[in-house]
Amino acid sequence: MNEIGQHIYFDGYSPVADMVVIAVCIVMVVLVSTSYVTKTKAYKIFLSIVFVLFLAALTDIIYHNAYVHAVNGVYTWVYIFRNLYHIFLFTIFLLYIYYIVTLQRLEKDKTVPVMIVSLGIFVGVVVTDIITTISGKGFRIDQNGVAITGMNVFMYGYMAFVCVVIFLMFEFRARLYRQVMNGFYGTMIVSFLVLLFQLRRGQTSLTVASFLFPVIAMLYLIHSNPYDIELGAVDSRALEDMIRYNYERKNDLVFMSLFLPDFNVEGRSISKEMSEVIRNFAANFFRGGVLFQINNGHVILIARKKANPDYENKINNIINAFYVEYEKFQFDYKIVMGESIEEISRKNEYISFIKSIHRRMEMNTIHLMEYEDVEEFNKFEYILSELGDIYRGRDLRDSRVLAYCQPVYNLKTGKYDTAEALMRLKLPDIGMVFPDQFIPLAEENGYIHVLTEIMLQKTCDEIKYLMKEGYEVNRISVNVSVLEMRDESFTEDFGKIIKDNGIPDEKIAIEITESQSENDFMVMKNMINDLKDNGIKFYLDDFGTGYSNMERIMELPFDIIKFDRSLVIASDHDPRSRKMVASLANMFDDLNYSVLYEGVETDSDEERCKSMSASYLQGYKYSRPIPIIELKKFFSKVGE
C-alpha cells in the first residue's frame with residue numbers, strides 16, 4: 001500500500017455508520033422488549049448477536065479514536081482494540097452459524113462437526129490476527145504513524161465463514177422455508193456488496209454495518225410477532241411460548257379470557273369500538289399483561305402474578321368496567337379467569353382448556369378456573385382421543401358407538417312405525433357419553449361424518465332385522481351435520497351404505513338443521529335433491545329455535561318439519577302464542593309438509609299438538625330414548 005493508501009486506512013473512516021449500528025441495536029432491543037417475541041433458543045442467540053454487534057461497533061469507534069489520540073507514537077491501545085474489534089466480528093460469524101444450525105434443527109451428528117469446523121476457523125483467524133500483528137507481518141503502524149495493512153487476516157477469515165454459512169444454507173436448504181432462505185441470501189448479498197464497495201473505495205466505515213443486515217432479516221423473518229394495531233393483541237402462536245417460558249421459571253400467571261360468540265364466525269371481526277375497549281382493558285388494568293387473539297371472537301389476557309400482587313382487585317375492577325361497556329354493546333359473552341394451574345401449564349394446553357370450559361358455561365356468565373375444571377378437561381381430551389381413534393379405524397360397527405332411538409307416534413296410522421336414531425358413545429374409561437359432550441368435538445375436528453356413517457350402518461342393521469322379523473317399518477331418521485354435507489363424497493358414501501345393506505331407500509330419512517350460511521344452504525339444497533331422487537325423505541330439525549328463514553325453508557324440498565319442544569311449551573303459555581304456533585303448523589300442512597312435534601311429555605301437550613295439525617308426535621310421553629334393538633317393543637308386525 002502506498003503512503004496515501006496507508007493514510008486512507010484511517011482517513012477513510014467515519015464513526016457515523018458505527019453510531020447508526022449502535023442506535024439500531026438499541027432500537028431492536030427496545031422493540032423486542034416492548035413487543036411479544038417467542039423466546040426460543042434461536043431468539044436467545046439472536047439477542048447475543050445484537051449484543052456482540054453493539055460491542056463491535058463501539059470497539060471500532062474506540063479503536064479509531066485511540067489512533068487519533070495516540071501520544072508520543074505509542075499505539076498499544078490501537079493494537080489491542082483492533083484485535084478485540086476483529087474478535088467481536090468473528091464471534092458474530094460464529095453465532096450466525098450456531099443460529100442457522102439451530103433454525104435448521106440439525107441432528108447432533110451434523111451439528112457437532114459444523115460447530116467444530118467453525119470454532120476452528122474462529123480460533124485460527126483470531127490467533128493468526130494476533131500473531132501477525134505482534135510479528136509485524138500483519139497490521140502495523142510505522143514510526144511515522146502510517147498504518148500498514150500487511151496480511152489481511154480479516155478478509156481470509158471473512159471468506160472462510162461465508163463459505164461455511166453458504167454450505168449450511170445450501171446443504172440443508174430443505175429444512176428452511178424458501179421465503180426465509182431468500183431473505184437470508186438477499187441480506188447476505190447486500191452485506192458482501194457493501195463490504196466490497198468500501199474496499200474498492202478505500203473505506204472502513206461500513207464493515208460493522210455490513211454485519212447488521214442479516215440481523216435485521218432475523219428479526220423480521222423469524223422473530224417478529226406484530227401486534228394487531230386496533231386490538232393490541234399478538235396472535236395465539238406466542239401464547240404457548242409464554243406459558244412454556246414462565247413455567248420453566250416457575251412464574252405463576254393470571255388469566256382472563258373473553259369469548260364473544262357473535263364475532264366467532266368466518267369473515268367477521270371484533271368491531272372498532274369493541275377493539276378499543278378491549279385494548280384499553282389490556283393496557284390499563286394489568287402490569288406487563290399480554291393480550292393474545294385466539295380467533296375472531298376470542299382473546300386471552302395473561303400477566304405474571306408476581307407483577308400484579310393485587311390481581312384480584314384488578315379483576316374486580318375490569319369486570320365492573322366490562323359491565324359498563326356491556327350495557328352499551330349488549331353482545332353475548334363468556335368470561336373465564338383465574339390463576340395458572342400446574343397440570344395445564346405443564347401440558348401447555350390453556351387454549352383447549354379454556355375452550356372446554358366454554359362448552360359447559362351458560363351464555364353471559366363468568367367462570368373462575370378451578371381444579372374441578374381440570375378433571376372435566378381430562379375427560380374432554382379422552383373423548384377427543386377416542387373420537388380420533390374411531391375416525392381412523394372407520395369400523396362401521398364400532399362397539400363404542402351406540403345406536404339409540406326414540407319411537408315416533410304416527411297419528412295417521414295410530415302406530416309406532418317411525419323413529420329417530422340417536423347416537424351415544426360408551427367409552428372404556430368413563431362409560432356413557434351423551435351427544436352434547438361429543439358432537440361439537442366431532443364437528444370441530446372433522447370426525448362427524450364417520451360417526452354418521454356408523455349410525456347409518458347400525459340403523460340399517462336394525463331395519464333389516466325388523467323387516468326380516470315381519471315388523472312394519474315406515475322409516476327411521478338419522479341426524480346429519482351440515483358440516484359433513486360439504487364433503488363432495490357425502491351423497492355417494494350415504495347411498496352406498498344403504499345399497500350395500502339391501503334395504504329400500506325410503507326406509508331411511510335424514511334430519512338436518514337449517515344453516516345461516518349461504519354456501520351451506522346451496523350445498524344442502526343440492527344434496528337434498530340428489531338423495532330425494534332415490535326416495536330418501538328429509539326432516540327439518542329444530543324448527544323454532546332462533547334462526548328460521550321461511551324463504552329458504554320453502555326452497556328446500558323437506559318432507560317433515562320438526563317443531564322444537566320450545567314451540568310446544570310456548571303454545572301452552574297463552575292463547576296468542578298457541579295461535580301463532582298453530583298458524584305456522586297449518587301453513588306447513590296446507591303446503592303438504594308433515595308436522596312432527598317433539599318434546600311431547602303430557603296428555604295436555606298431546607291434545608294441544610293434535611289440534612295444531614300434527615302428523616307425528618315424539619317425546620317422553622311415549623318413550624325416552626332406548627337402545628335401538630328394543631324398538632321392536634313399540635313397532636307392530638304387519639297385519640296386526
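Because the structure is predicted, anything quoted here is derived from the model rather than measured. Numbering of residues starts from 1 in every chain and runs along the sequence as written. Given that this is a predicted model, residues contribute local features only at a pLDDT of at least 70 and side-chain atom pairs are listed and counted only at 80 or more, while totals for whole chains, interfaces and linings are drawn from all residues. Side-chain measures were taken over the full set of non-hydrogen atoms in the model, leaving aside hydrogen atoms and water.

### Considering the overall build of the chain
Defined as follows: Per the convention used, a helix needs a DSSP run of H or I reaching at least four residues, while a strand needs a run of E reaching at least two, with both numbered from the N terminus. A radius of gyration in this sense is built from C-alpha atoms; the matching globule rule multiplies 2.2 Å by the number of residues raised to 0.38. Throughout this description, buried means an accessible area under 20% of the type-specific maximum (1.4 Å probe, protein chains only), exposed means over 50%, and partly exposed covers the range between. Whether two residues touch is decided by their heavy atoms; if any such pair falls within 4.5 Å, the residues are in contact. Each accessible area is a Shrake-Rupley estimate made with a 1.4 Å probe; only the visible protein chains count as cover when residues are assessed. Lys and Arg are tallied as positive, Asp and Glu as negative. Neither His nor the chain termini are counted. Here the site of a charge means atom NZ of a Lys, CZ of an Arg, CG of an Asp or CD of a Glu.
The secondary structure content of the chain amounts to 22 helices and 18 strands. Against the globule reference of 26 Å for 640 residues, the chain gives a C-alpha radius of gyration of 36 Å, more extended than a compact globule. Oriented by its inertia axes, the alpha-carbon framework of the chain measures out at about 125 × 55 × 45 Å. In the chain, buried positions account for 50% of the 640 residues. In the chain, the share of contacts with a sequence separation of at least 24, taken over all contacts with a separation of at least 6, comes to 72%. Roughly 31,300 Å² of accessible area belongs to the chain as shown, and the carbon and sulfur atoms make up 55% of that amount. When the 66 positive and 83 negative side-chain charges of the chain are each reduced to one mean point, those points stand 5 Å apart.

### A word on a negative patch on the surface
Applicable threshold: Nonpolar side chains (Val, Leu, Ile, Met, Phe, Trp, Tyr) within 5 Å and like charges within 9 Å form the patches, drawn only from residues with over 30% relative accessible area and no salt bridge. Any carboxyl oxygen of Asp or Glu within 4 Å of a side-chain nitrogen of Lys or Arg constitutes a salt bridge here.
Taken together, the side chains of Glu370, Glu372, Glu375 and Glu376 present a region of like negative charge at the surface. Mapping Glu372 onto the fold places it in helix α14 (residues 371–393).

### Observations regarding a nonpolar patch on the surface
On the surface, Met159, Ile189, Phe192, Leu193 and Leu196 cluster together into a nonpolar patch covering about 430 Å² of accessible area. Considering each element in turn, the nonpolar patch owes the most residues, four residues, to helix α7 (residues 178–200). Tracing the sequence through the fold places Leu196 in helix α7. On the basis of relative accessible area, Leu196 is assigned to the partly exposed category, the value being 39%.

### Overview of the pattern of salt bridges
For the coordinates displayed, the defined rule picks out 29 salt bridges. Where Asp389 meets Arg400, a salt bridge forms, and the shortest distance between an N and an O atom there is 2.8 Å. Of the two residues, Asp389 sits in helix α14 while Arg400 sits in the loop between α14 and β9 (401–410), which places them eleven residues apart along the sequence. Arg565 is paired through a salt bridge with Glu601; the nearest N and O atoms lie 3.5 Å apart.

### What to know about the packing of aromatic side chains
Convention followed: Pairing of aromatic rings covers Phe, Tyr and the six-membered ring of Trp, with a centre-to-centre limit of 6.5 Å; geometry is then stacked below 30 degrees between planes, edge-to-face above 60, and tilted otherwise.
Scanning the model with the defined rule gives 35 aromatic pairs in all. Judged by centre distance (4.7 Å) and plane angle (75 degrees), the ring pair of Phe263 and Phe331 falls under edge-to-face. Here Phe331 lies in the loop between α11 (311–329) and β7 (334–339) and Phe263 lies in the loop between β4 (253–259) and α10 (272–285), a separation of 68 residues in the sequence. Exposure remark for Phe263: the relative accessible area of 2% places this residue in the buried category. When the ring of Phe377 is compared with that of Phe380, the centres are 5.8 Å apart and the planes differ by 25 degrees; the resulting orientation is stacked. Separated by three residues within a single helix, Phe377 and Phe380 lie in helix α14, roughly one turn from each other. Judged by relative accessible area, Phe377 falls into the buried class, the value being 0%.

### Here's the deal with the nonpolar core
Applicable threshold: For this analysis, a nonpolar core means a set of buried residues of the types Ala, Val, Leu, Ile, Met, Phe, Trp, Tyr and Cys, connected via side-chain atoms within 4.5 Å.
Judged by nonpolar contacts, the single largest core of 103 residues is most densely connected at Phe558, Phe563 and Tyr597. At nine residues, helix α16 (residues 448–468) tops the list of elements feeding residues into this core. If we skip the residues at most four places from it in the chain, Phe558 touches Ile512, Met524, Ile528, Phe538, Tyr539, Leu540, Ile553 and Tyr593. Core analysis: the next-biggest nonpolar cluster, separate from the first, contains 69 residues, Leu89, Phe122, Ile141 and Tyr158 among them.

### Thoughts on the packing of α14 against helix α15 (residues 435–444)
For clarity, the threshold we go by: Here the axes come from fitting lines to C-alpha atoms, over the contacting stretch only for helices, and the angles between their N-to-C directions go from 0 to 180 degrees. Oblique is the label for any angle not under 35 degrees, not over 145, and not in the 65 to 115 range, which are roughly parallel, roughly antiparallel and roughly perpendicular in turn. Two helices that cross are described as forming a left-handed crossing if the nearer one is turned anticlockwise from the farther one by less than a right angle, and a right-handed crossing if clockwise. Each residue receives one of three labels: charged for Asp, Glu, Lys and Arg, nonpolar for Ala, Val, Leu, Ile, Met, Phe, Trp, Tyr, Cys and Pro, and polar for the others, Gly being one of them.
Remark: α14 packs on α15, axes separated minimally by 10 Å, with the N-to-C direction vectors making an angle of 55 degrees. The angle between the axes of α14 and α15 places the two elements in the oblique class. Read as a crossing pair, α14 and α15 show a hand that is right-handed. Each of Lys379, Phe380, Ile383, Leu384 and Leu387 in α14 lies in contact with α15, whose residues at this interface are Gln437, Phe438, Leu441 and Ala442. Along the lines of polarity and charge, the residues of the contact of α14 with α15 split into seven nonpolar, one polar and one charged.

### Structural notes on unusual backbone geometry
Of note, the phi angle at Lys250 is positive, near 60 degrees, even though the residue is not glycine. Note on placement: Lys250 falls in the loop between α9 (237–248) and β4. Classification of Lys250 by relative accessible area gives exposed; the value is 73%. In this model, Asn348 sits at a positive phi of 55 degrees, which is unusual for a non-glycine residue.

### Points about the sheet that holds β4
Threshold: Between any two strands, pairing holds if DSSP finds at least two bridges.
The strand order across the open sheet built from six strands is β3-β5-β6-β4-β7-β8, with neighbouring strands paired in mixed fashion. At either end of the open sheet lies a strand with only one pairing partner, and these are β3 (234–235) and β8 (365–368). Two strands pair when backbone bridges link them, and strand β5 (residues 290–295) and strand β6 (residues 298–304) are joined in this way by five bridges, in the antiparallel orientation. By the bridge assignment, Asn295 is partnered in β6 with His298.

### Regarding the side chain of Arg424
Take Arg424: it is sitting in strand β10 (residues 415–427). Once residues within four sequence positions are removed from consideration, Arg424 is found in contact with Arg400, Val401, Leu402, Tyr404, Met432, Val433, Phe434, Pro435, Phe438 and Pro625.

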